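Spelled out from the first residue to the last, the chains are:
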There are 2 protein chains.
Amino acid sequence: MPNPTAAMLVIGDEILSGRTRDANMHYLAGELTQVGIDLAEVRVVSDDPEAITNAVKALSEAYDTVFTSGGIGPTHDDITADNVARAFGRPISIRDDARALLEAHYAKSDQTLNDARLRMARIPDGATLIDNPVSTAPGFTIENVHVMAGVPAIFKAMVASVLPTLTGGAPVVSLSERIYRGEGDIAGPLGALAERYAELSIGSYPFQQDGKFGAQIVIRGTDADQVNAAMDELKAEFPA
Amino acid sequence: MPNPTAAMLVIGDEILSGRTRDANMHYLAGELTQVGIDLAEVRVVSDDPEAITNAVKALSEAYDTVFTSGGIGPTHDDITADNVARAFGRPISIRDDARALLEAHYAKSDQTLNDARLRMARIPDGATLIDNPVSTAPGFTIENVHVMAGVPAIFKAMVASVLPTLTGGAPVVSLSERIYRGEGDIAGPLGALAERYAELSIGSYPFQQDGKFGAQIVIRGTDADQVNAAMDELKAEFPA
């Protein structure tokens, strides 16, 4: 049975303008691989209502699970929650459970729960809250979409909350080997190996460092015996 | 007149598995911003024929210019060129001009131009070659799509070749200011400012470091006078 699939939607002008380098995609990719969920596609869109709703609809229909990052803070450019609600045709308003979390948090702080901060309690009808142990303002899950913060520390904490609720697939076993030959010399035998082991994913990543060059060959699959057998054949073909 | 739009398509299982952290998106975003081209969307897809052709078609239709990165090397998992050709219904084969480049390169090397390396001369009919000063194997431009290597050094060199051929828009002026207040305290006045300056992009990016917290406010636009005026108002609202 193939592994469940996932997509990620990164929302934010700051990524597309080059101001900020996204860190959440790489983190989520690694976490999903460990639990046997295939991250199949990532999209990055700007803080634009149509762009967000269209991407949420497309990815929610195409994949088992969708993760979003960014755009759920208190400022005017934080429009993710409203547009995810719109994508599913759900009403959205300040919800009592989210408001209670924020009230408890700000009661202990020297900041006030003003109208801007109350926007962070806007949650679509029927959504489930995602815990935010870092700064309280929650994310939420609606249908198969998990809406999370863009600040990396909060994103990581929310991923940790959500992952145990998902059904993973067979964990992927991965072996890699550095071969100090030109990638073009490796390509022929490697292509033949990939044909013999059609169920495995075999990738070649050229490198050049310290005056040496070559390619790192990565063999991945859910059947550890197959991965080992393919790696043995590779090493026999290209002895160190 | 609005600035021209661009999209990027990153192709490669290694990004989606978390093995490699993409660097090209952040680089391209910064370069495009400098020449007044709006990077409006990025997609990351796996080494899958349908995923590549569908994304190329969708992005090519939706945006003025598309940049791809990855999948144009000599190994079996390098399938970008063939699937970009397929997206445009163009024949693809080993082309004489690309083969000549590779022949000249390998004649000076101790490597041979074997069948695997010759795959890098597969160029769709009607495409224009993109120079590769790093390792010779060319990228190509077909319709509004620029097909480039994933190795960051080569990607950068190819971007440098392509950018001067594009018509940019008005360069974006950007000013930023760190405000040491909670983002929720800044949000109200900032939202009002964004309404008064509707043509500007005003973003708020919370930070927390060295025991202090606040938000960096970034004001961006093509009209420098407007950007300056909005920043003056912001500073008057939140004196240092």
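Residues numbered from 1 in each chain as written. Chains lettered and ligands numbered in written order. Predicted model: local features only at pLDDT ≥ 70, side-chain atom pairs only at ≥ 80, totals over all residues. Heavy atoms only, no water.

Draft legend 1. Region of the structure containing the overall build of chain A. Counting its regular elements, chain A contains nine helices and 11 strands. Along the longest, intermediate and shortest principal axes, the C-alpha atoms of chain A span 65 × 40 × 35 Å. Looking at chain A residue by residue over its 240 residues, the buried ones come to 52%. Taking the average location of the 19 positive side-chain charges in chain A and that of its 33 negative ones, the two points are 4 Å from each other. (Helix = DSSP H or I, 4+ residues; strand = E, 2+ residues; numbered from the N terminus. Buried < 20%, exposed > 50% of the residue type's maximum accessible area, 1.4 Å probe, protein only. Lys, Arg positive; Asp, Glu negative; His and termini not counted. Charge placed at Lys NZ, Arg CZ, Asp CG, Glu CD.)

Draft legend 2. Structural context of the side chain of S69 of chain B. Residue and element names in this part refer to chain B. Take S69: it is sitting in strand β3 (residues 65–69). Residue S69 is classed as buried on the basis of its relative accessible area of 2%. With residues near it in sequence (within four places) discarded, S69 still touches M8, L9, V10, I11, N24, M148, A149, G150 and F155. (Contact = heavy atoms within 4.5 Å.)

Draft legend 3. Layout of the relation of the copies chain B and chain A. Expressed as a screw operation, the relation of chain B to chain A combines 0.0 Å of axial shift with a rotation of 180 degrees, fitting to an RMSD of 0.0 Å. Seen this way, the second copy is the image of the first under a two-fold rotation axis. Measuring from the rotation axis to each C-alpha of chain B, the shortest distance belongs to R43 of chain B, at 2.2 Å. By residue overlap, the copies meet face to face through one surface: 100% of the interface positions of chain B are interface positions in chain A. (Least-squares fit on C-alpha atoms with pLDDT ≥ 70 in both.)

Draft legend 4. View of the environment of P206 of chain B. For P206 of chain B, the position within the fold is in strand β10 (residues 201–209). As a C-alpha pair, P206 of chain B and Q216 of chain B span 10 residues in sequence and 6.2 Å in three-dimensional space. P206 of chain B has contacts with V151 of chain A together with E183, G214 and A215 of chain B, leaving out every residue within four places of it along the chain.

Draft legend 5. Spotlight on the packing of aromatic side chains. Residue and element names in this part refer to chain A. Within the structure shown, the criterion is met by two aromatic pairs over all chains. Ring plane angle 80 degrees and centroid distance 5.5 Å describe the contact between Y180 and F207, whose orientation is recorded as edge-to-face. With Y180 in the loop between β9 (173–179) and α8 (183–196) and F207 in strand β10 (residues 201–209), this residue pair connects regions lying 27 residues apart in the sequence. The class of Y180 is partly exposed, set by a relative accessible area of 47%. Lying across the ring of F207, R178 places its NZ or CZ 3.9 Å from the centre. Over the ring of Y180 we find K212, and its NZ or CZ is 5.6 Å from the ring centre. (Phe/Tyr/Trp six-rings, centres within 6.5 Å; stacked < 30°, edge-to-face > 60°. Lys NZ or Arg CZ within 6 Å of the ring centre and 35° of its normal.)

Draft legend 6. Structural detail: α8 of chain A. Over its 14 residues, α8 of chain A runs 19 Å from end to end, which matches the ideal 20 Å to within 8%, given 1.5 Å per residue. If you look at α8 of chain A, its biggest bend is around 30 degrees, right at P189 of chain A. Among the structural elements, β9, β10, β11 (212–221) and α9 (224–237) of chain A together with α6 (115–118) of chain B are those in contact with the buried residues of α8 of chain A. (Expected span 1.5 Å × (residues − 1). Bend = angle between axes of the 7 residues up to and from the residue.)

Draft legend 7. Spatial organisation of the pattern of salt bridges. The final tally for this structure, using the stated rule, is 16 salt bridges over all chains. Between R117 of chain A and D185 of chain B there is a salt bridge, with the nearest N and O atoms lying 3.0 Å from each other. Taken as a pair, R117 of chain A in helix α6 (residues 115–118) and D185 of chain B in helix α8 (residues 183–196) lie in two separate chains rather than in one. Across the salt bridge formed by E177 of chain B and K235 of chain B, the nearest N and O atoms sit 4.0 Å from each other. Pair noted here: E177 of chain B is in strand β9 (residues 173–179) and K235 of chain B is in helix α9 (residues 224–237), with a separation of 58 residues, a long-range link. Under the relative-accessibility criterion, K235 of chain B is labelled partly exposed at 40%. (Salt bridge = Lys/Arg side-chain N within 4 Å of Asp/Glu carboxyl O.)

Draft legend 8. How the structure looks around the interface of chain B and chain A. Taken residue by residue, the interface counts 53 residues in chain B and 53 residues in chain A. In total, about 4200 Å² of surface goes out of reach between chain B and chain A, with carbon and sulfur atoms giving 54% of it. Our count for the contact surface shared by chain B and chain A stands at two salt bridges. Between chain B and chain A we count 16 residue pairs in polar contact (both at pLDDT 80 or more) in total. Looking at the side of chain B that touches chain A, the elements with two or more residues in it are α1 (13–16), α2 (24–34), β2 (38–45), α6, α8, β10 and β11 (212–221) of chain B. Ranked by residues supplied to the side of chain B that touches chain A, first place goes to α8 of chain B with eight residues. Here the residues of the side of chain B that touches chain A sort into 21 nonpolar, 20 polar and 12 charged. The sheet contact formed by strand β2 (residues 38–45) of chain A and β2 of chain B spans five bridges and is antiparallel. Each bridged residue has a counterpart across the sheet, and for E41 of chain A the counterpart in β2 of chain B is V45 of chain B. (Buried area = accessible area lost by both parts, 1.4 Å probe. Polar contact = N/O pair within 3.5 Å; in protein donor to acceptor, adjacent residues only side chain to side chain. Nonpolar A, V, L, I, M, F, W, Y, C, P; charged D, E, K, R; others polar. Pairing = 2+ DSSP bridges.)

Draft legend 9. Seen up close, unusual backbone geometry. All names here are of chain B. Positive phi outside glycine occurs at T136, with the angle close to 75 degrees. Assignment of secondary structure puts T136 in the loop between β6 (128–130) and β7 (139–142). One non-glycine residue, E143, adopts positive backbone phi at about 50 degrees. By the secondary structure assignment, E143 is in the loop between β7 and β8 (145–148).

Draft legend 10. Local environment of the domain arrangement of chain A. Looking at chain A, the domain boundaries give domain 1 (5–165) and domain 2 (173–237). Each of domain 1 of chain A and domain 2 of chain A has a C-alpha centre, and these two points are 37 Å apart. (Domains from an automatic or database assignment.)

Draft legend 11. Spatial organisation of the sheet that holds strand β8 (residues 145–148) of chain A. Spatial ordering of the open sheet is given by β6(A)-β7(A)-β8(A)-β3(A)-β1(A)-β2(A)-β2(B)-β1(B)-β3(B)-β8(B)-β7(B)-β6(B), a layout of 12 strands whose pairing is mixed. Each having just a single partner strand, β6 (128–130) of chain A together with β6 of chain B make up the two edges of the open sheet. If you compare each strand with its neighbour and ignore which way they point, the axes differ by 20 degrees on average. Examined bridge by bridge, β6 of chain A and strand β7 (residues 139–142) of chain A share three bridges and lie antiparallel to one another. Looking across to β7 of chain A, one finds that L129 of chain A is bridged to F140 of chain A. Sheet contacts for helix α4 (residues 80–87) of chain A: β1 (5–11), β3 (65–69), β7 and β8 of chain A; angle to β7 of chain A, the most-contacted strand, approximately 5 degrees. Packed on one face of the sheet, helix α7 (residues 152–162) of chain A meets β1, β3, β6, β7 and β8 of chain A and runs near 150 degrees to β8 of chain A. (Axes fitted to C-alpha atoms, helices over the stretch in contact; angles between N-to-C directions.)

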